[in-house]
Amino acid sequence: MSVLPLVFTSGWASGINAYAVVLLLGVFGATGLSDDVPESLQRPEILITAGVLFLCEAVADKIPYVDSVWDSVHTVIRPAAGAWVGALLAGQSGSLSDLAAGAIGGSTALASHTVKAGTRMAINTSPEPFSNFVMSTAEDLGVAGILTFAMFHPEAAAIIAGVLLLAGLLALFFLISRIRRFLRRRAQRREERRLAERVGQPPG
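About the cut-offs
Residues numbered from 1 in each chain as written. Predicted model: local features only at pLDDT ≥ 70, side-chain atom pairs only at ≥ 80, totals over all residues. Heavy atoms only, no water. Helix = DSSP H or I, 4+ residues; strand = E, 2+ residues; numbered from the N terminus. Buried < 20%, exposed > 50% of the residue type's maximum accessible area, 1.4 Å probe, protein only. Areas by Shrake-Rupley, 256 points an atom, 1.4 Å probe, with all protein chains shown as cover. Lys, Arg positive; Asp, Glu negative; His and termini not counted. Charge placed at Lys NZ, Arg CZ, Asp CG, Glu CD. Axes fitted to C-alpha atoms, helices over the stretch in contact; angles between N-to-C directions. Parallel < 35°, antiparallel > 145°, perpendicular 65-115°, else oblique. Left-handed = near helix turned anticlockwise from the far one by under 90°. Contact = heavy atoms within 4.5 Å. Nonpolar A, V, L, I, M, F, W, Y, C, P; charged D, E, K, R; others polar. Phe/Tyr/Trp six-rings, centres within 6.5 Å; stacked < 30°, edge-to-face > 60°. 1 Å grid on protein atoms, 1.4 Å probe; cavity = no way out; pocket = protein on both sides within 12 Å on 5 of 7 lines; lining within 4 Å. Points joined across faces, edges and corners; volume = space filled by probe spheres on them. Core = buried A, V, L, I, M, F, W, Y, C linked by side-chain atoms within 4.5 Å. Salt bridge = Lys/Arg side-chain N within 4 Å of Asp/Glu carboxyl O. Patch = residues over 30% accessible without salt bridge, like charges linked within 9 Å, V, L, I, M, F, W, Y side chains within 5 Å. Expected span 1.5 Å × (residues − 1).

**Notes on the overall build of the protein chain**
Working step 1: The helix and strand tally for the protein chain stands at six helices and zero strands.
Working step 2: From first element to last, N terminus to C terminus, the protein chain shows the α and β order α-α-α-α-α-α.
Working step 3: Structurally, the protein chain occupies a C-alpha span of about 75 × 35 × 30 Å along its principal axes.
Working step 4: When burial is assessed residue by residue, the protein chain has 41% of its 204 residues classed as buried.
Working step 5: In the form shown here, the protein chain has an accessible surface area of approximately 10,700 Å², with 71% of it arising from carbon and sulfur atoms.
Working step 6: Looking at the protein chain, you have 16 positive and 16 negative side-chain charges, and the mean spots of the two groups are 16 Å apart.

Shown next, in the form of structure tokens:
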């Protein structure tokens, strides 16, 4: 069976929470739930590192504005993780070239990361903090649920991930105007503060 559906799904999930993907795949392999997980993902140091970073992301991802900073830092990390996991999965199965799997996993991760980062910017335009917590929790549960489903039903999971990715990209398209208005208002407030500070300074 081709590993392509699992590569696609893991790429989508990596763009949302790369550390959860590495941790879950490693646990699935280490516990014997799946034979498709490479041994390199099951190593104790990889599992411990992924677990610690997952906890850090679980906290940072639920704090307004901190989540956007965290997303900015992970603009390179998440696609790279998706490409790395995809290449490892391809090498394990031998049904897809490492280069092709890396390209699929990385590009899918970049697309889902863009949706996540853009959606969070739109959410941060709202003053209340609860939507960040709800969205972050939903993302974590979604990644865990779909990735677990993918271990047993990879084709169906890939279809679900594809639908979610497409829906996210469409939603982001409609949210762009809101994000732009927010950025313009923030830049305007900064400029007003600068002018107020200049006016308040005594003549030199």
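Let's pick the thread back up.
**Description of the packing of helix α1 (residues 4–30) against helix α3 (residues 66–93)**
Working step 1: Between α1 and α3, whose axes approach to 8 Å, the crossing angle comes to 110°. As summarised for this structure, α1 and α3 are arranged roughly perpendicular, according to the angle between their axes. Judged by the sense of rotation from one axis to the other, the crossing of α1 with α3 is right-handed. Note on element contacts: α3 touches α1 through Trp70, His74, Ile77, Arg78, Ala81, Gly82, Trp84, Val85, Gly86 and Leu89, opposite Leu6, Val7, Ser10, Ser14, Gly15, Ile16, Ala18, Tyr19, Val22 and Leu25.
Working step 2: Residue composition of the contact of α1 with α3, grouped by class: 13 nonpolar, six polar and one charged.

**Description of the packing of aromatic side chains**
Working step 1: One pass over the full model with this rule turns up one aromatic pair.
Working step 2: Geometrically, the ring pair formed by phenylalanine 173 and phenylalanine 174 is edge-to-face, given 5.5 Å between the ring centres and 80° between the ring planes. You'll find phenylalanine 173 and phenylalanine 174 in the same group, each marked exposed.

**Brief notes about the layout of surface pockets**
Working step 1: Roughly 340 Å³ of internal volume is contained in the largest pocket.
Working step 2: Looking at the lining of the largest pocket, the elements that each hand over two or more residues are α1, α4 (98–123), α5 (130–152) and α6 (154–200).
Working step 3: Among the residues making up the lining of the largest pocket, the classes are represented as 12 nonpolar, four polar and two charged.

**Re the nonpolar core**
Working step 1: Trp12 and Leu25 are the most contacted members of the largest nonpolar core, which totals 27 residues.
Working step 2: Those elements that place two or more of their residues in this core are α1, α3, α4, α5 and α6.
Working step 3: Excluding residues that lie within four positions of it along the chain, leucine 25 makes contacts with Val37, Leu41, Val85, Leu147 and Met151.

**What about the pattern of salt bridges?**
Working step 1: Counted according to the given criterion, the structure contains 10 salt bridges.
Working step 2: Here arginine 120 and glutamate 139 are joined by a salt bridge, their closest N and O atoms 2.9 Å apart. Of this pair, arginine 120 sits in helix α4 while glutamate 139 sits in helix α5, and the two are 19 residues apart along the sequence. The burial state of arginine 120 is the same as that of glutamate 139; both residues are buried.
Working step 3: Taken together, the shared-partner salt bridges in this structure form one network comprising Glu57, Asp61, Asp67, Asp71, Arg78, Lys116, Arg120 and Glu139.

**As for the environment of valine 7**
Working step 1: With respect to the helices and strands, valine 7 occurs in helix α1.
Working step 2: For the pair valine 7 and glycine 145, spaced 138 residues apart in sequence, the C-alpha separation works out to 16 Å.

**Side note on a positive patch on the surface**
Working step 1: On the surface, Arg178, Arg180, Arg181, Arg184, Arg185, Arg189, Arg190 and Arg193 cluster together into a positively charged patch.
Working step 2: As for its position among the elements, arginine 190 is in helix α6.
Working step 3: The class of arginine 190 is partly exposed, set by a relative accessible area of 42%.

**Considering α5**
Working step 1: Along its 23 residues, α5 runs 34 Å from first to last C-alpha, staying within 8% of the 33 Å computed at 1.5 Å per residue.
Working step 2: Within α5, burial applies to Asn132, Ser136, Glu139, Asp140, Val143, Ile146, Leu147, Ala150 and Met151.

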